[in-house]
Amino acid sequence: MTNIAIMASGNGSNFQAIIDAYNEKKLEVDKIILITNKKNCFAIKRAQQNNIKNYNFFLKDYPSKEEYEKDILKVLKEENIDYVILAGYMTMISNTLLSHYERKIINTHPSLLPSFKGKDAIQDALDYKVYLAGFTIHYVNIEMDAGEIIFQKEVRVYKDDTHDTLQKRIQEQEHIYYWQIINKVIKGEKI
Ligand code: GAR
């Protein structure tokens, strides 16, 4: 029995790809819950449309990130969550969560790490005029976008690419691979 929590802050297209794989019984988990930290983000709609429980926590309602994450941790424990999957969750995870979920928090980042860490990875890749962009699935540790790499996939950058066109091609690949890698990690399979 494996339960996962998706943490998202935005559109949730990766969350949707995970939901689809779960509904098609390709992603072998027993339960998915959603945790968000942005009011009215589209990920919440996706959870509601798919009967997935969603919880919202707003950092500004707490005196510190520690208190904020303690409340998140309470839900993770109550829901018996084994793995935490970050899918466009745009806030650093701190030790409060990490210490309870060591090597159990996974993120996808839209660059070939260690290049272009941070929140503007796609624009940074365009500005640098790289030929290859892509995404990296990695374990989360205390440093930003620096945990052990699990999987990477390259995406060609074209001369006429804009932020939107490159993001779209990277996300198409994330949607194909993210749930498959999650499946393998959970099952302890070689990647
Ligand atoms: C994804 O492309 C993911 O790689 C990126 O946010 C996007 C979320 O899209 N994550 C980061 O930049 C983390 N540093 P989505 O909300 O449509 O899944």
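Treat the numbers as computed from the prediction; the structure is a model and nothing was measured.

Some remarks on the overall build of the chain
Along the chain, the regular secondary structure elements total six helices and seven strands. Reading the helices (α) and strands (β) of the chain from amino to carboxyl end gives β-α-β-α-β-α-β-α-β-α-β-β-α. C-alpha atoms of the chain, sized along the principal axes, occupy 50 × 40 × 30 Å. Looking at the chain residue by residue over its 191 residues, the buried ones come to 49%. Across the chain, the fraction of contacts at a sequence separation of at least 24, relative to all contacts at a separation of at least 6, is 63%. For the chain, the accessible surface area stands at approximately 10,100 Å², while carbon and sulfur atoms represent 49% of it. Of the side-chain charges in the chain, 26 are positive and 26 negative, and the distance between the mean point of each set is 2 Å.

Quick look at the site of the ligand
Surveying the vicinity of the ligand reveals the residues Asn-11, Gly-12, Ser-13, Asn-14, Gly-88, Met-90, Thr-108, His-109, Pro-110, Gln-171 and Glu-174. Separating an oxygen atom of the ligand from a backbone N or O atom of Thr-108 is a distance of 3.4 Å. More than half of the atoms belonging to the ligand lie within 2 Å of the grid points that define the largest pocket. Put simply, the parts of the chain that give the shell around the ligand at least two residues each are α1 (13-23), β5 (105-109) and α6 (163-187). When grouped by side-chain class, the residues that make up the shell around the ligand number two nonpolar, eight polar and one charged.

Examining the pattern of salt bridges
Taken as a whole, this structure holds 14 salt bridges when the rule is applied. Across the salt bridge formed by Glu-148 and Arg-103, the nearest N and O atoms sit 2.6 Å from each other. With Glu-148 in the loop between β6 (132-139) and β7 (149-156) and Arg-103 in the loop between α4 (95-98) and β5, this pair connects stretches of sequence that are 45 residues apart. Given the relative accessible area of 45%, Glu-148 is considered partly exposed. Three or more residues are tied together by salt bridges with common partners; here these are Glu-28, Lys-184, Lys-187 and Glu-189.

Quick notes on the UniProt feature "domain: Formyl transferase N-terminal" (unreviewed entry) in the chain
Feature annotation in UniProt assigns "domain: Formyl transferase N-terminal" (unreviewed entry) to the following positions: residues 3-181. Regarding residues 3-181, the helix share stands at 36% and the strand share at 22%, and the terminal C-alpha atoms are separated by 15 Å.

Quick notes on the environment of Glu-102
Its location among the elements puts Glu-102 in the loop between α4 and β5. By relative accessible area, Glu-102 is classed as exposed at 64%. Here the alpha-carbon distance between Glu-102 and Tyr-83, two residues 19 residues apart in the chain, equals 9.6 Å.

Comments concerning the packing of aromatic side chains
Summed over the entire model, instances satisfying the criterion amount to five aromatic pairs. Between Tyr-62 and Tyr-68, the ring centres sit 5.7 Å apart and the planes meet at 70°, which makes this aromatic pair edge-to-face. Ring geometry for Phe-135 and Phe-151: centres 6.2 Å apart, planes at 50°, overall tilted. Within this pair, whereas Phe-135 is found in strand β6, its partner Phe-151 is found in strand β7, the two being separated by 16 residues in sequence. Residue class for Phe-135 comes out buried when judged on its relative accessible area of 0%. On the basis of relative accessible area, Phe-151 is assigned to the buried category, the value being 17%. Taken together, the ring pairs in this structure connect Phe-135, Phe-151 and Tyr-177 into an aromatic cluster.

Analysis parameters
- Residues numbered from 1 in each chain as written.
- Predicted model: local features only at pLDDT ≥ 70, side-chain atom pairs only at ≥ 80, totals over all residues.
- Heavy atoms only, no water.
- Helix = DSSP H or I, 4+ residues; strand = E, 2+ residues; numbered from the N terminus.
- Buried < 20%, exposed > 50% of the residue type's maximum accessible area, 1.4 Å probe, protein only.
- Contact = heavy atoms within 4.5 Å.
- Areas by Shrake-Rupley, 256 points an atom, 1.4 Å probe, with all protein chains shown as cover.
- Lys, Arg positive; Asp, Glu negative; His and termini not counted.
- Charge placed at Lys NZ, Arg CZ, Asp CG, Glu CD.
- Near = heavy atom within 4 Å.
- Polar contact = N/O pair within 3.5 Å; in protein donor to acceptor, adjacent residues only side chain to side chain.
- 1 Å grid on protein atoms, 1.4 Å probe; cavity = no way out; pocket = protein on both sides within 12 Å on 5 of 7 lines; lining within 4 Å.
- Sits in = over half its atoms within 2 Å of the grid points.
- Nonpolar A, V, L, I, M, F, W, Y, C, P; charged D, E, K, R; others polar.
- Salt bridge = Lys/Arg side-chain N within 4 Å of Asp/Glu carboxyl O.
- UniProt positions renumbered as here; feature names shortened; annotations may be inferred.
- Phe/Tyr/Trp six-rings, centres within 6.5 Å; stacked < 30°, edge-to-face > 60°.

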